[in-house]
Each structure stands twice: as structure tokens, then as C-alpha cells.
There are 2 protein chains.
Amino acid sequence: MAEEEVYRASTYAPVNIAVIKYWGKRDTKLNLPTNSSLSVTLSQDDLRTHTTASCSAQLSKDTLLLNGEGQDISSTRTQACLRELRSLRQQLEAKHATAPKLSQMKLKIVSENNFPTAAGLASSAAGFAALVRAVADLYQLPASPTELSRIARQGSGSACRSLFGGYAGWQMGEKDDGSDSVAYEVAPASHWPAMRAIILVASAEKKDVSSTAGMQQTVATSALFQHRANNVVPKRMNMMEKAMKERDFETFATLTMKDSNNFHACCLDTEPPIFYMNETSRAAVRMCEAINKEAGRSICAYTFDAGPNAVVYYLKDDESSVVGTFKSMLGEKTGWEGPRGQAIKALQKTPEGVEIISEMLKKGVSRIILTGVGDGPRSTNDHLC
Amino acid sequence: MAEEEVYRASTYAPVNIAVIKYWGKRDTKLNLPTNSSLSVTLSQDDLRTHTTASCSAQLSKDTLLLNGEGQDISSTRTQACLRELRSLRQQLEAKHATAPKLSQMKLKIVSENNFPTAAGLASSAAGFAALVRAVADLYQLPASPTELSRIARQGSGSACRSLFGGYAGWQMGEKDDGSDSVAYEVAPASHWPAMRAIILVASAEKKDVSSTAGMQQTVATSALFQHRANNVVPKRMNMMEKAMKERDFETFATLTMKDSNNFHACCLDTEPPIFYMNETSRAAVRMCEAINKEAGRSICAYTFDAGPNAVVYYLKDDESSVVGTFKSMLGEKTGWEGPRGQAIKALQKTPEGVEIISEMLKKGVSRIILTGVGDGPRSTNDHLC
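Residues numbered from 1 in each chain as written. Chains lettered and ligands numbered in written order. Predicted model: local features only at pLDDT ≥ 70, side-chain atom pairs only at ≥ 80, totals over all residues. Heavy atoms only, no water.

Participant: Can you break down the interface of chain B and chain A residue by residue, with the values?
Facilitator: Contact residues are listed per partner, giving 31 residues for chain B and 31 residues for chain A. Summing both sides of the interface, chain B and chain A together bury roughly 2400 Å²; the carbon and sulfur share of this comes to 57%. Joining chain B to chain A, the criterion identifies four salt bridges. Where lysine 258 of chain B meets glutamate 271 of chain A, a salt bridge forms, and the shortest distance between an N and an O atom there is 2.9 Å. Here chain B is connected to chain A by nine residue pairs in polar contact (both at pLDDT 80 or more). Elements that contribute at least two residues to the side of chain B that touches chain A include exactly helix H5 (225-245), helix H6 (249-268) and helix H7 (279-295) of chain B. At eight residues, H6 of chain B tops the list of elements feeding residues into the side of chain B that touches chain A. Residue classes in the side of chain B that touches chain A are distributed as 13 nonpolar, eight polar and ten charged. (Contact = heavy atoms within 4.5 Å. Buried area = accessible area lost by both parts, 1.4 Å probe. Salt bridge = Lys/Arg side-chain N within 4 Å of Asp/Glu carboxyl O. Polar contact = N/O pair within 3.5 Å; in protein donor to acceptor, adjacent residues only side chain to side chain. Helix = DSSP H or I, 4+ residues; strand = E, 2+ residues; numbered from the N terminus. Nonpolar A, V, L, I, M, F, W, Y, C, P; charged D, E, K, R; others polar.)

Here is the structure:
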């Protein structure tokens, strides 16, 4: 019987790590940002959310399971996404009389991360991108990634960029309804495939302040923030897009580090101050500086989201210098098991004067993740329910 | 014989800790700042430099001894101070034919701090204030504190404020020759004598970056700094002077904390980033927040100079709540020996949720110093040479 039929679609969606940071909303309900942002989408081989969306007439309520645990699906943000997706499905059903009435059915969404859902690992970005993509596929919506990004943004701002692979932007937009606040592709992963990242997972502790609460405290109280949003970021957006298009790593690195520090400066200027970076983060900053000094140019660039983990970008050609240095001090940590990690030799000679920061990293880093630029969401027949 | 006569004068000079911070020079030679600043002068009973300036025809060169160690007196900054003072003495000698020709003699300057010459304890401010005051007294110059502040500023910017007691300002001035970049009294210590401070000495380690080098890196590279200097500080100067005059501790506290964070935010926004605050500093921030939350109003205010030490201002009436809380976790540290420290009872009940930050303070604080607002430089007959 048709009523017993279960419809399903599954997708993988990637994490993205911003290099021009999103911080601050001009509309908290629609997640409309105070400035545009840019990110690199990371490979789903290393970091991804796997989500199956299913529906059937038998289901009595919408449910969401993440890593085996039931989640509160009634949150305004998740509801906003589901409402928009159902509305698009209704339009489709109205046009095609034979289309099953999936918009009338309850949804069962099951999601799994292949990485710890830890502070600052951008799990909500991948999570909402996967949720929106999976339901859109289930509903067979003809929506473009840009259109879906508008929906995913309402779940979690930075999720909109995870609808694209490679080098993605999120234009802040101007309209009150947020219809022009969407993500776009600056360049696909294939344009600059040499981009790599090593993530130094600094701590699985709870965040100092959630990013949602933190960014609005910054908007409300920082004396520097508006200057960042209105003057600093717009110039950097142009320079960074150009660097991405021209595969100019030196400029990419300089801007990435500057903008991470500028964002954390605004956090510190918040009342009360927000501290996301800790001693381990600062040791990672100093180690990157030492590696770049040793190389005589910027071969690696740190960036920190709303947590202490360092994401260090570098190019494939510099892997032995960058990752070899980190392996020499962090070789005992989890994360080197795969073929990529095995292939990297720990450098015997580390940059000068790094003994203390090397000890701090040994003490504070719990694991490393090796990854690189990757593609956007991918459909899969591997269903979780 | 007159040639063998030794002339001497001695002074004590105080430390000051800014509440609207000086950071950034518009002229590095004259130490002309990019913004005005305000500070509280601390009691010389607790923190002071004791300096004797002497001269005689027998001396063959200028010498400077600090805490028993010979110092390089040839530095541009020390030389600028001595040149200005000698020039004023020459003018005096030209007017008074009987005045001994001290300006022709070499100087022997001996200086001692009654506190560790450690990172971030404003030792250069007290040091240059004492040097200038002692030589001015030796030369019997009729110069006012304001006139001497113009000279001391050339030794170390913040030293100009240490020529005044109580609540002192440093107006940035506009002239290229720096003649209007001088300190002034906002209010004497007697106007608001209830101001106290506990200093949590976090570390005697070497600074991350010297403040002289650090501030010019900030001026040159921070995207936020000009906004601080041109827009943020001028408003705060007016509000803070008013708070000092009206003895309004709540406003004083709010602005003090905001401006400390704003200054350190600009340090973090520097390329490469400068970190003066460490985990201990951040624990001190959180503890002050907890104490204020417990009290239901701002009864203490943290501020950090170019180092990790916390200076926590409070009023005498709130001593048991503020210092009692710190004594409950830091009672074993050095610094409670004097009658003031002995008189304070460790609170049995500490604010809620402070266990972790309490442990961090125990681990990171090496000693405490109890002090309060105090007077300007004092002459003494206790000569060091």
C-alpha cells in the first residue's frame, strides 16, 4: 500500500572554515549577518555530516536524531528550515498532481558526524547543510545550491557556505527578508586543489560562550565591532576573493591570520569579554609564525573559530615543512593513522626557539585532523534509516 | 675646597596604573601619544622608586645605578631628560651668578625600587618620574609638576602621570614639539581617598613584546587601532574624568574594564598578534565578574597593562567582599604580611561556580600587593649616595 511507503534521501555535507569571519547578525531571526564572509570547504573524507531524511504517512511527528541522540526539532531555526522546504514541496505538488504528498507527512531525520561534535569544529554548519540538502533531495526540489543556502542560513548562518564546495562566499545582502543573503561559489575545489589543512584539536571542553549568544553581545557592546563590519571586512572580502581566484597563498595566508585575530579582538572587546583562544591556541599562532619565519615566506596560516582549535591552512607542496614540524612535536597524538598522516615525516630539525611553545602544544593538543579543500554536498544511497 | 663639594637631592616617586590606556605614539622620538590617557597614582608606601641625584666636579661621567646594577645612561630617552634638565639649570645659573655651576658637572644617579622590577609593574613610569624629580630638586629648578611631566614623558610616556598624585591625566597635545603633551591633575588623592587596589602578580616572566616595540607594531598594522585612538578613547576620557570628579565607582569600574579590554583587543589585532594577558589574567577577569555578580553591582574593576598582572581597583568599603574573596583562594601567597593584609578575613563563602578559575588563580598568581591611591613624588633626606 502506498500509505506504508517510506521515502528517503541521504546526503553527505562538508564542514567549512571561514577565512573572513562571520560574526554578528543584523537580524537574529533570519540569521542575516552584519558582514559578508568567505570560507574553504573541507574534504568530506575527513569531516562530514551524513544525513538521511525520510518521510512516510506512518510517522506521527517530526524527529531528529544526531549521533544516536534525539534532538529538539522544535527549535525556531530547525522549524524555519523545514517550513521553507515543505513550502517548496507544496508548490511542486501543486504543479504535479501525481507527485506524492510528502509535504503532508512527518519527517524522520537521522544524522551522524564522522568527527567529534566538539566545540568549534563547525558541526552546526555541516549539520544544517546536510539537513537542508537531504530534505531537498527527498522532496526532489529543483532548487539550486544558492536557493538552498538561503534556507540553510536560517538554521545556522555559516551552514549556507557548506552548500558549496571549494572556495565559498556568503554575501550579507541588503534586503530585510534576507532573500539576497545567500552563499555563492568563488571557485570550485578543482580551481585550487592544493589547499590543505591540519586541525589542532585543542580541547573538547565546553565553549566559553556560545557563538549565537557571543556574537550578539559583541554587536551590542563592542566599541570596535562596527568598524570591523563596516570598514575592515569589506576591503578584505575583495582582496581575499582575488587571492582565491589567483591562487595567491601569501595573500590568502596574511588575510586569513589578520581576520582571525581581528574577529577575536572584537570578542575580547565585548562586555563582558569573550575568550575563545587559550594558551594552546596562542602556542599554535607562535608555531605558525616560527614555521613561516624559517621558510622566509608565509607557507601556513592559522585561523580560529569560536573555540580554541587551530585550523592551519597550507599548500600541498609545503606539507613536509608545515605538517612535518607539527608531527615532530605531536606525533604521539591521535590522527596520524591514515595513509596521508603516515606518509608525512616528522622533521628532525624544528624552527629555532620553539621549545616552550612546542611543550605547550604537546600539553594542549588532544588530536590532529589532516584534511584539505573538498567538494560540496554529495548524495548517497547509504541510508541511516 | 668648593670643587670637592657633592650636591645631592633625593625623591620618592610613585607608580601609576592607567584606567584609560596609553598605547601608540604619533612621534616616537618625543613620546607623543596617539591618544590621551588617565591613571590612578598608587601609594608609595607600597610601590615606589627611590632616587638620589648627585653631582660634583669630581665625577668624570654620568652614571645611573638601578637596584645596584649599572644602567646604560646613554639611551636616547635618558639623555633627552638630562639634556632638558641641564638646560633649565643653565638658564638658572645665567640669571643667578652665585649659583654653583651644577650644569657643568657630571651626574651620579642611584635608584632603587621597593618592588620587583618585573614585567608590567610600571617600573619605568616611577623610574623616570623619580629621575626627573630628583635632578630637578638637585638643580633647584622652579619647574611645576606639569613642566617636569613634559620632560619625564620623553623618558617613558606614562612617567609623566607619575609626577602627580591621585587621579592624573595626560593630554595628548597637538603641537609637533610636544610642548602641550603634558600631565595634569584631575583630582588629588584626598578628593577620593577610598580607592584601593589589589595587584595579582601573575608572572615575573619576560614580556611577550616590549611595550615600546609593541605599540608601534599596533599603530602600523592594526585595522582597529585608529578607531580606538580617534573615536573610542576621546569619549571615554570625558566620562572617566567626570566619574573621578564625582567619585562614581560604578562608571569608573565599567570604563576601566572596557578600556583594558579594548587596548588588549588592539594588541591581538596587531600583526603579528601581541598577547599580554594569559590564562591567569583571564581567570582574574572571570573572578572579578563573579564578585560583581555576587554583589549585584560593580564593586571591583580589573585592568591589565602590557603584561599578565591584574590590577583590581575597589573602594575601601568593599574591601572585605573583594579582597576577602581573593584571600580565600590566595591566602598562602606572599603579600598578606603587613597590617592591611592581616586585617582582611578570607571569605568562607566564595561566589558560585568559581572553582576552576579559583584553581587557575592559585596556580598562576605568584604574589599579591595591597595598595591604594596615593600622593605624587616626595622629597626625602634619605640619600642613596
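Participant: Lay out the pattern of salt bridges in plain terms, naming residues and giving numbers.
Facilitator: Residue and element names in this part refer to chain B. All chains considered together, the criterion is met by 35 salt bridges over all chains. The partner of arginine 340 in a salt bridge is aspartate 46, and the shortest N-O contact between them spans 3.0 Å. Taken together, the positions of arginine 340 in helix H9 (residues 339-343) and aspartate 46 in the loop between strand E5 (37-41) and strand E6 (48-56) put the pair 294 residues apart, joining distant regions of the chain. Taking relative accessible area as the criterion, arginine 340 reaches 31% and is therefore assigned partly exposed. (Buried < 20%, exposed > 50% of the residue type's maximum accessible area, 1.4 Å probe, protein only.)

Participant: I'd love a proper account of empty space enclosed by the protein, names of residues and values included.
Facilitator: Taking a probe equal in size to a water molecule and rolling it over the atoms shows the remaining empty space. One pass over the structure, following the stated rule, counts three cavities of 30 Å³ or more. Approximately 190 Å³ is the volume found for the largest cavity. Residue lining of the largest cavity: 15 residues in total, with Leu268, Phe275 and Arg282 of chain A together with Leu268 and Arg282 of chain B positioned closest to the centre. Elements represented by at least two residues in the lining of the largest cavity include exactly helix H6 (249-268) of chain A together with H6 of chain B. A total of three residues in the lining of the largest cavity trace back to one element, the largest contributor, which is H6 of chain A. A volume near 50 Å³ is recorded for the second largest cavity. Along its surface, the second largest cavity is lined by Thr221, Ser222, Ala223, Asp269, Thr270 and Glu271 of chain A together with Arg236, Lys258, Asn261 and Asn262 of chain B. Broken down by element, the lining of the second largest cavity gets its largest block of residues, three residues, from H6 of chain B. Class assignment for the residues of the lining of the second largest cavity results in one nonpolar, five polar and four charged. (1 Å grid on protein atoms, 1.4 Å probe; cavity = no way out; pocket = protein on both sides within 12 Å on 5 of 7 lines; lining within 4 Å. Points joined across faces, edges and corners; volume = space filled by probe spheres on them.)

Participant: Talk me through the side chain of asparagine 16 of chain A; I want residue IDs and the actual numbers.
Facilitator: Residue and element names in this part refer to chain A. When you line up the elements, asparagine 16 lands in strand E2 (residues 16-20). A polar atom in the side chain of asparagine 16 sits 2.9 Å from the side chain of serine 162. With residues up to four places along the chain from it excluded, the contact list for asparagine 16 reads Ser39, Val40, Thr41, Leu42, Ala122, Ala125, Ser158, Arg161 and Ser162.

Participant: Hey, could you go over the environment of serine 162 of chain A for me, with residue numbers and the actual values?
Facilitator: Residues and elements named next belong to chain A. Tracing the sequence through the fold places serine 162 in the loop between helix H3 (145-155) and strand E10 (167-170). Considered as a pair, serine 162 and serine 149 are 13 residues apart in the sequence and their alpha carbons are 8.1 Å apart. Ignoring any residue separated from it by four or fewer positions in sequence, one finds serine 162 in contact with Pro14, Val15, Asn16, Ala125, Ala126, Ala129 and Pro377.

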